[in-house]
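# Report on the structure
So you can see what is in the structure, the chains are spelled out below.
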Amino acid sequence: MKIRKKLIISYLLACVIPLVVSCLIINRVSARNLQDTSLELASIFSSQIVTNIDDFIEEYDKLTKTILIDNDIIYELDNDTNPTVLERINHQLELRRIMMRLITLKPEIKNICFLTVEDQFYQFNTEGRYVDKKNLKSQKWLDGILKSKDQLVITAVHDRSYYDRDKDGIVFTVGRKILDYSGSYVGLLLIDLEPESLIKLNDDFLLARNQYNIKISITDSNDEILYDSDVASGRLTWEEVRKEEFPLLYQKKPQDYIVLTNETKREDLKVNVVIPKSSLLFKINKIKYVTAVAIFGCIFVVVIISTIFSKMITRPIGKLQKRMRQVEKGEYRELIQKDSDDEIGSLVNSYNRMVLKIKTLIEDVYMAEIKQKNAKYLALKTQINPHMLYNTLESIRMKALVNGSDEVADMIKILARMFRMTLSDSINPHKIKDEVNYAENYIKLQNMRFQNLFFLEVDLEESMLEIPVISMILQPIIENSIEHGLKERGTPLHIVVNGKIICNKDALIQICDDGKGISSDLIDEINNNILDTESVKLKPDQKEEEIKTGIGLKNIAERIKLYYGEKYYLKVVKSEEEGTVIEICIPIQWEHIREGDGS
């Protein structure tokens, strides 16, 4: 892993871990506080609703007791077993007066019925509804009131099937047992009320209900519903509430709800404040989402800041690393850096001093080495010319003694060309075609000496003739073939120069003759001697008198390595036929070819 990534990760860990831990603690505390606040709020609502219901029961208890004040009506109802029509009308008018007073005091009353023990029935409401007595007496909730030991009974919600119209409505009934002076049962007062009249939802509850989806449910001792806040607020209908999946759902799945239950002082009514855990979890998850966004936002900021700072730290290190790679490739360049007193600045300064010192040492050693190479190359080159010149002049001398001036003139002319080519100081590069020309002139001179005994064949492509090459590499090899390759006196010697281009970058030249040839052991010995040629890189402490050079193959091999490098060579190759094959490999310097062509 790179230093920049390590720094960024370090910054992230140093900043994010405390941030995440802090946010988790804050999130947990906030969630707990939210739950406690919700429960406290629900408890307050529950207590307030219980108080309101107790007040409601107390109020209707007092209100229904007003009938007992009219003792005459009760007495007459109790004693008139066979009232006349007039008495019955008077009783009905008197009861109607009492019922009207009740409705006037409590406008939310929908219907009032009075059922005597003698099966007399009286009913009154302001909306013109009529109650079917027979249907009313068949209601189960009516049996519950009659069997109750309490004088005041509040029923669960029930339908209004005993009405002549609006039978689909829902009401709950407040039943009051009427007793005479002796405490005997006289009749039953029934007051129908809509469930919404039991309690009134204030704005604070509606706001809390919307926030936390709080539900208020009021049930009797048999867990039958008297009131549901979702119906009162219009979120659900009584038909939906009365379905199997809705009533007391929090009792079927208690794990999904938080329930606070309080009981009223009278009638054993239960007030259940229900908070779905999903609502609280939604609020808590909202806090988690906000916390997560805050964490990722902080991580994003930390990444940007850490990237900037790490880049400032690692940029000079990266430049220094790049310079070190260039040093490995042999490029010694200083690193330009703003002045800095830190560790990186000190490292850069040390690198620049090191590079400067290496450059100085390389230049000193390299220049000394170049001078040694040039001196050695010139010495090798000058060693060849006197040797060849001696043989040529000897041939001219012998020929002049034997024959006349024309042939001597030709030989001198050829010799002049060779001298001109050897000693030429031209700015143009020396090419293979120049070497071929020199070798041809040499063969002409030798044929003048030996009666046209030698044949030179050049089989090179035109492109190879233009390849630059160091001078004096073909003629010494051909001379070596003539001196050591003749089988017997008077037998012609054929010499062939051929070649090819390898991979468009190297030239491979072979000089073949059909002379006596060389044994395998001798070929190995000659090649080993050639391989012992000194490397281009001379030892600094090498003395001049220790440098020993030879004439011929080793001379050419040493010059090739000096000029082109260790990769290129001269060696003796085993011939498949009679004779000897010398192989030379040199690089192709195309740029010199293009310059020579004027392109």
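In what follows, the structure referred to is the one given above.
Because the structure is a prediction, the values reported are computed rather than measured.

Calculation rules
- Residues numbered from 1 in each chain as written.
- Predicted model: local features only at pLDDT ≥ 70, side-chain atom pairs only at ≥ 80, totals over all residues.
- Heavy atoms only, no water.
- Helix = DSSP H or I, 4+ residues; strand = E, 2+ residues; numbered from the N terminus.
- Buried < 20%, exposed > 50% of the residue type's maximum accessible area, 1.4 Å probe, protein only.
- Contact = heavy atoms within 4.5 Å.
- Areas by Shrake-Rupley, 256 points an atom, 1.4 Å probe, with all protein chains shown as cover.
- Expected span 1.5 Å × (residues − 1).
- Arc of directions from axis to C-beta.
- Polar contact = N/O pair within 3.5 Å; in protein donor to acceptor, adjacent residues only side chain to side chain.
- Axes fitted to C-alpha atoms, helices over the stretch in contact; angles between N-to-C directions.
- Parallel < 35°, antiparallel > 145°, perpendicular 65-115°, else oblique.
- Left-handed = near helix turned anticlockwise from the far one by under 90°.
- Nonpolar A, V, L, I, M, F, W, Y, C, P; charged D, E, K, R; others polar.
- Salt bridge = Lys/Arg side-chain N within 4 Å of Asp/Glu carboxyl O.
- Pairing = 2+ DSSP bridges.
- Core = buried A, V, L, I, M, F, W, Y, C linked by side-chain atoms within 4.5 Å.
- Phe/Tyr/Trp six-rings, centres within 6.5 Å; stacked < 30°, edge-to-face > 60°.

## A look at the overall build of the protein
- When you go through the protein residue by residue, the secondary structure sums to 19 helices and 15 strands.
- For the protein, buried positions account for 40% of its 599 residues.
- The contacts of the protein with a sequence gap of at least 6 include a subset with a gap of at least 24, amounting to 64%.
- Here the protein displays about 34,700 Å² of accessible surface, and carbon together with sulfur accounts for 54% of that area.

## So, helix α17 (residues 520-531)
- Its 12 residues give α17 an end-to-end C-alpha distance of 16 Å, which sits within 8% of 16 Å, the value for a rise of 1.5 Å per residue.
- If you check which residues of α17 are buried, you get I523, N527 and I530. For α17, the angular spread of buried residues about the axis comes to 55 degrees, placing them on one side. What points out from α17, more than 90 degrees from its buried face, is the exposed set D521 and E525.

## A closer look at the side chain of T173
- Structurally, the position occupied by T173 is in strand β5 (residues 170-179).
- A distance of 2.7 Å separates polar atoms of two side chains, one belonging to T173 and the other to H158.
- Looking at T173, its side chain comes within polar contact range of the side chain of D192, at 2.7 Å.
- When residues no more than four places from it in sequence are discounted, the contact partners of T173 are W141, V153, I154, T155, H158, Y162, L190, I191 and D192.

## With respect to the packing of helix α14 (residues 432-450) against helix α16 (residues 474-485)
- Interhelical geometry of α14 versus α16 gives an angle of 30 degrees and a closest axis separation of 9 Å. Between α14 and α16, the angle is such that the two are roughly parallel. Pair α14 / α16 crosses with right-handed handedness. Residues E435, V436, Y438, A439, Y442, I443 and Q446 of α14 form the contact with α16, whose own contacting residues are L474, Q475, I478, E479 and I482.
- For the contact of α14 with α16, the per-class residue count stands at eight nonpolar, two polar and two charged.

## Quick notes on the pattern of salt bridges
- Taken as a whole and assessed by the stated rule, the structure comprises six salt bridges.
- The shortest N-O distance in the salt bridge between R176 and D61 comes to 2.3 Å. With R176 in strand β5 and D61 in helix α1 (residues 3-64), this pair connects stretches of sequence that are 115 residues apart.
- Of the residues examined, R176 reaches a relative accessible area of 2% and is grouped as buried.

## Regarding the sheet that holds strand β7 (residues 215-219)
- Taken in spatial order, the four strands line up as β8-β7-β10-β9 in an open sheet, and their pairing is antiparallel. For this open sheet the edge positions go to β8 (225-228) and β9 (257-263), each flanked by a neighbour on one side alone. Going from strand to strand, the sheet's axes swing by 20 degrees on average, the running direction of each strand aside.
- This element, α1, spans β7, β9 and β10 (270-276) of the sheet and lies at about 30 degrees to β9.

## Quick look at the sheet that holds strand β15 (residues 580-587)
- Read from one edge to the other, the open sheet built from five strands follows the order β11-β12-β13-β15-β14, with strand pairing classed as mixed. Strand pairing shows two members of the sheet lacking a second neighbour, β11 (454-459) and β14 (569-573), which therefore form its edges. Here the average twist between neighbouring strands, direction ignored, is 15 degrees.
- Bridging between strand β12 (residues 493-502) and strand β13 (residues 506-513) involves eight bridges; their strand directions are antiparallel. Within β13, the position partnered with N498 by the bridge is Q510.
- Relative to the sheet, α16 contacts β11, β12, β13, β14 and β15, its axis offset from that of β12 by approximately 145 degrees.

## Observations regarding the nonpolar core
- Core analysis: the biggest nonpolar cluster contains 47 residues, and I432, I477, I478, I482, I511, I560 and L570 have the highest contact counts within it.
- Per-element accounting of this core gives the leading share, eight residues, to α14.
- Apart from the residues within four sequence positions on either side, I432 is in contact with L460, M464, L465, I467, V469 and I509.
- Of all hydrophobic cores here, the second largest spans 40 residues; its members include I49, F56, I57 and L63.

## A word on the packing of aromatic side chains
- Counted by the stated rule, this structure contains seven aromatic pairs.
- Aromatic side chains F56 and F172 sit 6.2 Å apart centroid to centroid with 55 degrees between the ring planes, which places their arrangement in the tilted category. Residue F56 is located in helix α1, and its partner F172 is located in strand β5; the two are separated by 116 residues in the primary sequence. Side by side, F56 and F172 carry an identical accessibility label, which is buried.
- Relative to Y564, the ring of Y563 lies with its centre 4.9 Å away and its plane at 85 degrees, an arrangement referred to as edge-to-face.
- Put simply, the rings of F56, Y60 and F172 touch in pairs and so form one group of aromatic residues.

## Overview of the pairing of β15
- Burial within β15 is extensive, with eight of its eight residues counted as buried.
- Judged from the five bridges that link them, β14 and β15 form a sheet pairing that is antiparallel. Looking at the pairing, Y569 lines up with C585 of β15.
- Linking two consecutive strands that pair antiparallel, namely β14 and β15, is a turn of six residues; a positive phi of about 110 degrees is found at G579 within it.

## Details of the environment of I336
- Along the chain, I336 falls in the loop between α11 (277-328) and α12 (343-402).
- Take I336: its relative accessible area is 77%, and that puts it in the exposed class.
- For I336 and K319, which are 17 residues apart along the polypeptide, the C-alpha to C-alpha distance reads 9.4 Å.

## Quick look at helix α6 (residues 140-147)
- The set of residues buried in α6 consists of W141, L142 and I145. Summarising the axial view, the buried residues of α6 lie within an arc of 105 degrees, below the 170-degree limit, and thus occupy one face. Opposite the buried face of α6, at more than 90 degrees from it, the exposed residues are K140 and K147.
- For α6, the elements touching its buried residues are α5 (133-137), β3 (152-154), β4 (158-159), β5 and β6 (185-193).

## Some remarks on unusual backbone geometry
- Not every positive phi belongs to a glycine, and M472 is a case in point at roughly 65 degrees.
- Mapped onto the secondary structure, M472 falls in the loop between α15 (462-465) and α16.
- The exposure class assigned to M472 is buried, which follows from its relative accessible area of 4%.

Such coordinate-based values are descriptive only and should not be taken to indicate function.
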